[in-house]
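Remarks on the overall topology
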Amino acid sequence: QVQLVESGGGSVTPGGSLRLSCAASGNIAGFSRMGWYRQAPGQQRELVAAIISDGTTNYADSLKGRFTISRDNAKNVVYLQMNSLKPEDTAVYYCQLELVRSGFSYGYWGQGTQVTVSS
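Notes on the structure in this doc start here. Every chain is numbered on its own, with residues counted from 1 as its sequence reads. pLDDT decides what is reported in this predicted model: residues at 70 or higher carry local features, side-chain atom pairs at 80 or more are listed and counted, and totals for whole chains, interfaces and linings draw on all residues regardless. Calculated side-chain values reflect all of the structure's heavy atoms, with hydrogen atoms and water omitted.

1. A few points about the state of the cysteines
- By convention in this document, the label disulfide applies to cysteine sulfur atom pairs within 2.5 Å. Inspection of the entire model under this criterion finds one disulfide.
- In this model C22 forms its disulfide with C95; the gap between the sulfur atoms is 2.0 Å. Its S-S torsion of approximately -80 degrees makes the covalent link between C22 and C95 left-handed. Taken together, the residues C22 in strand β3 (residues 18–25) and C95 in strand β9 (residues 91–101) connect sequence positions 73 residues apart.
- For each residue, the accessible area found with a 1.4 Å probe, counting protein chains only, is set against the maximum for its type, and the residue is called buried under 20%, exposed over 50%, and partly exposed in between. C22 sits in the buried class, given a relative accessible area of 0%.
- On the accessibility criterion, C95 (0% relative accessible area) is buried. Put simply, DSSP marks the helices as runs of H or I at least four residues long and the strands as runs of E at least two long, and each gets a number from the N terminus on.

2. What to know about the sheet that holds β3
- Taken in spatial order, the four strands make up an open sheet running β1-β3-β8-β7, and their pairing is antiparallel. At either end of the open sheet lies a strand with only one pairing partner, and these are β1 (3–7) and β7 (67–72). Along the sheet, successive strands turn relative to each other by an average axial angle of 15 degrees, direction set aside.
- In this scheme, strands are said to pair when DSSP sees at least two bridges between them. The pairing of β1 with β3 spans five bridges and is antiparallel. Bridge pairing in β3 links Q3 to S25. Interaxial angle, 0 to 180 degrees, is taken between N-to-C directions of lines fitted to C-alpha atoms, where a helix line uses only the stretch in contact.

Dropping the structure here:
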C-alpha cells in the first residue's frame, strides 16, 4: 500500500518562503512521476510542478523561477521550495505520485497541506 505524507505548509507573509515535503512509503516500484498540485477555494486543482523518473522537471509557466521541485531518491521524498510567495499562492497543496506497472498507471494523492500567504 502506498502512502504519501505531506508536511511544511503554514502561514507566511508575502515575499516569504516555504518548503513542502512529501514522503512516499510502501511499495513504490514503478515510480514514474511525482508532482505537486494546488487547489485554491473555488478553483480547480492545478499542476504546480512535477519530477519524472529521469529527473526531468516541469513547472506551471506562471511559477517558473519562484518554485523548485526536487527529489531525494534515497528517502523517497519530494520537496517543493517556494520563494517570493504571493497571496495568490494561497491554496491547499497536494502531492501526487504516479506508478507504472505492467503498462498500467496508478495514481496516489496525499492528504494536502495548507499554504496561506497573507500580510
